[in-house]
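Here are the chains, one letter per residue:
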Amino acid sequence: MIRKFPKSDVRFIIFVICISLCYSICFTLSEFSDSPISGVRDALIIGLQWGAISFATFGLMYVLALSKLIFAIIFPLLTGFCTFLTYFRITLKATLTPMTIDLALVNDWQTNVQVASLELILYVTAALVLSIIIVHIRWKKVTYTKLAFGWLPLHAIIAFAIVTSVTHIQPLKRPLSERMPYSVYYNFKRYLDERKLIAENRSTFTENSVAMQDSVAVILIIGESLRSDHLQLNGYHRQTTPLLSAEKNLVSYTSVYTEPCYTHVSVPHILTRADSINPDIAYTEQSFVSIFKNAGFHTSWIANQESVDTYVYFMNECDTLIYSNSSKSLYTYDAWLDEDILPHLTKQLQLPHSKQLHILHAIGSHWWYNSHYTAEFEKFKPTIKSRVVSSNTQEEMINAYDNTIIYTDWFVSQVIETIRDKNAILLFISDHGESLGEDGYYIHGVDRPELHYPASFVWYSDKYKEQNPEFITKLRENRDKHWRTDYVFHSILDAARIESPYLQPNLSIFR
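Note that this is a predicted model, so its numbers are computed, not measured. (Residues numbered from 1 in each chain as written. Predicted model: local features only at pLDDT ≥ 70, side-chain atom pairs only at ≥ 80, totals over all residues. Heavy atoms only, no water.)

Looking at this structure, I do not really get helix H1 (residues 7-26). What am I missing?
Along an α-helix, residues three or four positions apart point the same way, because every turn accommodates 3.6 residues. Along its 20 residues, H1 runs 28 Å from first to last C-alpha, staying within 8% of the 28 Å computed at 1.5 Å per residue. Along H1, the positions that sit buried rather than exposed are Ser8, Asp9, Phe12, Phe15, Val16, Ile19, Ser20, Tyr23 and Ser24. When H1 is viewed along its axis, its buried side chains cluster within an angular range of 165 degrees and face the same direction. Those residues of H1 hidden inside the fold are in contact with helix H2 (40-65), helix H3 (68-92), helix H6 (118-140) and helix H7 (154-166). (Helix = DSSP H or I, 4+ residues; strand = E, 2+ residues; numbered from the N terminus. Expected span 1.5 Å × (residues − 1). Buried < 20%, exposed > 50% of the residue type's maximum accessible area, 1.4 Å probe, protein only. Arc of directions from axis to C-beta. Contact = heavy atoms within 4.5 Å.)

What should I look at first to understand the layout of surface pockets in this one?
Over the atoms, a rolled probe matching the size of one water molecule traces out where space is still vacant. The computed volume of the largest pocket comes to approximately 1600 Å³. Lining of the largest pocket is provided by 43 residues; of these, Arg174, Pro175, Glu178, Leu330 and Tyr331 occupy positions nearest its centre. Only H2, helix H8 (170-177), helix H9 (182-198), helix H11 (263-271) and strand S12 (442-443) provide two or more residues apiece to the lining of the largest pocket. Residue composition of the lining of the largest pocket, grouped by class: 22 nonpolar, ten polar and eleven charged. (1 Å grid on protein atoms, 1.4 Å probe; cavity = no way out; pocket = protein on both sides within 12 Å on 5 of 7 lines; lining within 4 Å. Points joined across faces, edges and corners; volume = space filled by probe spheres on them. Nonpolar A, V, L, I, M, F, W, Y, C, P; charged D, E, K, R; others polar.)

Where do I start with the sheet that holds strand S4 (residues 216-223) in this structure?
The strands making up a sheet associate through hydrogen bonds between their backbones, and the pairing can be parallel or antiparallel. Pairing in this open sheet of seven strands is mixed, and the strands run S5-S13-S10-S4-S9-S7-S8 from one edge to the other. Looking at strand neighbours, the two that pair on one side only are strand S5 (250-252) and strand S8 (320-323), the edges of this open sheet. With strand direction ignored, the average angle separating the axes of adjacent strands in the sheet is 15 degrees. As defined by bridge partners, S5 adjoins strand S13 (residues 456-460) across three bridges and the pair is classed as antiparallel. Each residue of the ladder has a partner; that of leucine 250, found in S13, is tryptophan 459. Relative to strand S9 (residues 355-361), helix H14 (residues 342-349) is tilted by about 170 degrees, and along the sheet it contacts S4, strand S7 (298-303), S8 and S9. Each of S5 and S13 touches helix H17 (residues 469-477); the most contacted strand, S13, lies at about 155 degrees to it. (Pairing = 2+ DSSP bridges. Axes fitted to C-alpha atoms, helices over the stretch in contact; angles between N-to-C directions.)

Shown next as structure tokens:
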């Protein structure tokens with residue numbers, strides 16, 4: 001005899017499906033609204049991703065609804081917060097990140113209140129009222145029988161199985177963590193994890209270091225996905241760096257090799273004494289920032305990228321940490337430009353500190369390329385039209401990528417203008433390169449040879465050249481030698497004329 005599934009359980013499942021679908025339409029769908037697509041195939045791919053996240057949302061709502069009390073507490077809070085986030089996602093293209101959480105907690109309450117508007121208050125209030133009605137329905141009218149699988153409740157098994165499975169599928173985990181409602185949990189978790197890393201005590205450089213110049217500005221630009229062979233500076237057939245190519249005080253290094261080829265690994269490697277033999281130093285030691293501070297430098301980090309747990313410690317080593325686009329993530333597709341760094345850099349340079357170090361972490365040539373340059377820099381056409389890589393041709397991918405380089409050329413030139421009349425030096429090193437169709441590979445998801453050769457160059461002012469002629473001579477003599485990114489730690493100390501027991505002269509491009 002076949003046992004009928006109880007009607008109460010059917011109603012319970014329908015209730016969970018309905019609220020999950022409402023969440024997916026009202027909240028999750030807003031985070032797909034700016035996804036660039038081209039054609040039915042792309043729409044189907046994006047639709048499948050939205051469907052997968054909707055299924056994951058069903059699992060979450062299933063878990064919450066198992067307990068009336070838990071549902072009554074968490075559901076209204078989560079709904080109100082998701083409404084708040086959706087409002088800013090639609091109106092400002094802003095998304096939740098650990099940086100926005102940090103800023104919200106650091107800012108005084110008057111500053112935070114300023115983001116509120118009557119429209120936002122009405123939306124959140126309406127969402128809370130509706131969520132309370134839904135809680136009432138769950139409390140009074142929706143129940144389920146204690147279906148069991150052995151001694152375990154069957155509903156609990158299904159609900160937790162769904163949540164556990166979707167949060168452990170690697171292709172789904174990252175997009176899931178960046179979309180509501182899961183993004184609320186994951187971003188607060190990332191924020192708390194980063195606080196723990198920042199609080200670590202890495203007492204690395206205990207011996208004193210001494211600055212041999214009374215006044216100098218040192219700029220380090222960490223580029224993104226910029227490969228050496230696509231620079232006009234280095235013989236590329238396209239005019240991708242017309243402004244930098246005209247700079248007489250610029251030296252480009254064409255044969256720099258990076259061991260790691262992903263941002264989260266390469267940036268810590270660049271900033272520390274880590275090398276191919278001792279890569280773990282990047283996660284146990286301080287960076288050269290601490291040596292600069294010990295030598296009397298004012299230090300700042302101006303970020304135009306997300307904070308990442310592998311290098312957030314080094315960001316916070318600096319005296320000043322500035323996020324120029326704190327509400328951007330890799331799942332937003334509107335303008336995300338490095339020029340937003342410039343006002344912050346100008347203010348830092350105007351501070352009354354004679355010795356300064358400024359690290360600019362640029363978004364550069366990161367995918368989605370079209371977001372990282374403005375219309376006036378779209379020299380090469382046609383460009384990419386879809387976030388689905390396979391829907392773009394190789395020509396479109398290369399054109400869009402090269403347009404980001406033209407923009408980077410302009411951005412770096414603007415930085416140079418802010419320090420041209422100072423005793424100043426600028427070092428540029430990209431974290432890694434980019435695949436552009438070689439053997440069918442694109443972006444930097446797979447370790448490829450082209451990822452290991454990042455762009456690297458140095459610019460110096462006339463005043464710097466006058467005060468350090470021997471350094472400039474060696475800098476130019478060393479341009480054709482083969483270097484690893486290990487050179488950055490030692491070379492930047494040399495560039496600042498810091499005498500330190502931690503500097504290895506044989507690893508400096510100025511020696």
